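# Report on the structure
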Amino acid sequence: MTSIPPLNLAPMLVIGAGIMGAGIAQVAAQAGHPVLLHDARAGAAAEAKTKLARSLDTLVAKGKLDADAAAQALARITPVTAIEEAAPVRLVVEAIVEKLDVKRALFRQLEGIVAADCVLATNTSSISVTAIANGLVHPERLVGMHFFNPVPLMKLVEVVSGLQTAPAVAEAIFALSKVWGKTPVHAKSTPGFIVNRIARPYYAETLALLLEQAATPAVLDACLRAAGFRMGPCELMDLIGHDTNFSVTQSVHEANFFDKRFVPSLVQREMVDGGLLGRKSGRGFYAYPNDGTALPVAVHEAPTTAGEVTVHGAGPIAEALEQAATAALSAQGWGPARVTDSGWTGLEIDGARLMLTDGRCAAQVAADTGCRDVAVFDRPVVLPVAAGTALAYAVAGGACAAWRGQAAAWLAALGFAPLPLVDAPGLVVARTVAMLVNEAADAVLQGVCTPAGADAAMKLGVNYPAGPFEWLARWSTGEVIALLDALDAQYRGERYRVSPWLRRAA
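Residues numbered from 1 in each chain as written. Predicted model: local features only at pLDDT ≥ 70, side-chain atom pairs only at ≥ 80, totals over all residues. Heavy atoms only, no water.

### Concerning the overall build of the protein
From N to C terminus, the protein includes 20 helices and 15 strands. Relative to a compact globule of 506 residues, whose C-alpha radius of gyration would be 23 Å, the protein shows 26 Å and is just as compact. Out of the 506 residues belonging to the protein, those deemed buried represent 53%. A separation of at least 24 residues holds for 70% of the contacts in the protein among residues at least 6 apart in sequence. Summed over all atoms, the accessible surface of the protein reaches about 21100 Å², with 55% contributed by carbon and sulfur. Here the protein contributes 41 positive and 46 negative side-chain charges, whose respective centroids are spaced 4 Å apart. (Helix = DSSP H or I, 4+ residues; strand = E, 2+ residues; numbered from the N terminus. Rg over C-alpha atoms; globule rule 2.2 N^0.38 Å. Buried < 20%, exposed > 50% of the residue type's maximum accessible area, 1.4 Å probe, protein only. Contact = heavy atoms within 4.5 Å. Areas by Shrake-Rupley, 256 points an atom, 1.4 Å probe, with all protein chains shown as cover. Lys, Arg positive; Asp, Glu negative; His and termini not counted. Charge placed at Lys NZ, Arg CZ, Asp CG, Glu CD.)

The following block contains the structure:
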């Protein structure tokens, strides 16, 4: 296939009348396509159309859709009982069960029905497009068209090319997705594609911290929400379902030949084994119906100083710290001193260090510097910092009792809501964001996507506050590498190995 005509307004078939298939049919019909809707279960396609009618009526009642447009869209959808009725269509989108043998059999059947230039698309979220195309007479016309749930609302479409997918087919689906009001990104058929691959550290780092008993789920969720994520990892896993999340992690781990970066969590396996699946079972990390995940209100002592306060570091975080410290010290009528070339970022208060994490534990910093009174705090990724922003911190085990109270007092005076963690390397936000950046860098290295594609996919597919390469632009490549190297030195495994893409970029 060197080229194919544009697919907009072409008659099409959607196979699978579940949530995803019905959503795809709705979007296509609203864009003007005549849509045949088929499901192997008798009556399922007609039931799906009835449900779609109610959904469209709701949109009309809310003023989000014109009544005539809703009626016309619904009229374009025709339930069919036999896929043989799809002979004239120019596009088929499959949204059936995630089983390789079932999908292969379906597409082989379709090849005997549709024309040779009909484009075949699979909505698979995890199965290799190359593997699904194996055995087809025309494997070059099969492409991944991975939507996200709910299809009518979520903008992202991953356009996934297998080894034999014709570039013209991928481009035709890319263009069609735009016509449908979606934001498409090209992806290579590798385990997890873009979103499900790059997102693994968001769950994995929190699960690792829970395994180490570094903090409670509520504390970890609060820290990551403060970094701009709409839901914390524990809340999100409860929503997704631990069985589903664990299964995806297992499949990505296995498909990557058991790469230790993707090792599933013992914490999550125990929850699945115990039936604690999250919202759908009534209990996961939290109990449901849930009255919230409010943290206890902490009362901090007043910060004290003998007058020697120095801000160390350069860049936006150091500048924000200087402004906050100046405001905190304004009652004394003077501001802190500033040192930009000391090699670390944070406050030095009467000889004690309140230091932005560089990946080392507070105890390791104390040992390396000879300073007993050390506390490390997490990386604020949203600047300027809003008052009361949750921020993780940890104090070196050998610090004096007075400094333990003062570390939290100073963070509170700077405008944060400090949340104590066990002295874990990289704390929570810094290590999570660094690992998301690292995984995205490896995806680009391996040709799965472009940096722009990774950013768009993570913002639109899972509502991240920024894309991994946008975070990298705000951070520095050298600092990300240093943090990952510190984690690697602490844990001594392959999990935190730095992507060669980052090494080259530095």
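On we go.
### Concerning the sheet that holds strand 14 (residues 389–395)
If you trace the 7 strands from one edge of the open sheet to the other, you get 10-9-11-12-13-14-15, paired in mixed fashion. Strands with a single pairing partner mark the edges of an open sheet, and in this sheet they are strand 10 (337–339) and strand 15 (416–420). Strand-to-strand twist of the sheet, defined as the mean angle between neighbouring strand axes without regard to direction, takes the value 25°. The pairing of strand 9 (residues 309–312) with strand 11 (residues 346–349) spans 4 bridges and is classified as antiparallel. The partner of Val311 across the bridge, within strand 11, is Leu347. Seen against the sheet, helix 14 (residues 362–369) touches strand 12 (352–356), strand 13 (374–377) and strand 14 and runs at an angle of roughly 130° to strand 13. (Pairing = 2+ DSSP bridges. Axes fitted to C-alpha atoms, helices over the stretch in contact; angles between N-to-C directions.)

### Points about the side chain of Thr122
With respect to the helices and strands, Thr122 occurs in strand 5 (residues 119–122). You can call Thr122 buried: its relative accessible area is 0%. Polar contacts involving the side chain of Thr122 include one to the side chain of Glu94, which spans 2.5 Å. In terms of polar contacts, Thr122 uses its side chain to reach the backbone amide nitrogen of Thr124, at 3.1 Å. (Polar contact = N/O pair within 3.5 Å; in protein donor to acceptor, adjacent residues only side chain to side chain.)

### A closer look at the pairing of strand 4 (residues 91–94)
Because side chains alternate across strand 4, one face comprises the buried residues Leu91 and Val93, and the other comprises Val92 and Glu94, equally buried. Strand direction decides the pairing type here: strand 1 (residues 12–15) and strand 4, joined by 4 bridges, are parallel. If you follow Leu13 over to strand 4, its bridge partner there is Val92. Bridging between strand 4 and strand 5 involves 4 bridges; their strand directions are parallel. The residue bridging Glu94 from the neighbouring strand is Thr122, located in strand 5. A crossover connection joins strand 4 to the parallel strand 5 through helix 4 (residues 100–111); in handedness this β-α-β unit is right-handed. (Right-handed = clockwise from strand over helix to strand, strands pointing away.)

### Let's talk about helix 1 (residues 19–30)
Helix length check: helix 1 (12 residues) gives 17 Å between terminal C-alpha atoms against 16 Å at 1.5 Å per residue, within 8%. Of all 12 residues that make up helix 1, 10 are buried, and the element is covered over most of its length. By the burial criterion, the buried members of helix 1 are Met20, Gly21, Ala22, Gly23, Ile24, Ala25, Gln26, Val27, Ala28 and Ala29. One or two residues past the end of helix 1 sits Gly32, with phi positive at roughly 105°. (Expected span 1.5 Å × (residues − 1).)

### Section: the packing of aromatic side chains
In the structure shown here, the tally under the stated rule is 9 aromatic pairs. Between Tyr202 and Tyr464 the ring centres are 5.6 Å apart and the planes differ by 50°, which places this aromatic pair in the tilted class. Of this pair, Tyr202 sits in helix 8 (residues 200–211) while Tyr464 sits in the loop between helix 17 (451–461) and helix 18 (468–474), placing them 262 residues apart in sequence. On the basis of relative accessibility, which here comes to 1%, the residue Tyr202 falls in the buried class. (Phe/Tyr/Trp six-rings, centres within 6.5 Å; stacked < 30°, edge-to-face > 60°.)

### As for the pattern of salt bridges
In the structure shown here, the tally under the stated rule is 21 salt bridges. Note that Glu98 is salt-bridged to Lys103, the shortest N-O span being 3.2 Å. Look at Glu98 and you get partly exposed, because its relative accessible area is 34%. Owing to a relative accessible area of 0%, Lys103 belongs among the buried residues under this scheme. Several salt bridges converge on common partners, so that one network encompasses Arg197, Asp259, Arg261, Glu439, Asp442, Glu494 and Arg497. (Salt bridge = Lys/Arg side-chain N within 4 Å of Asp/Glu carboxyl O.)

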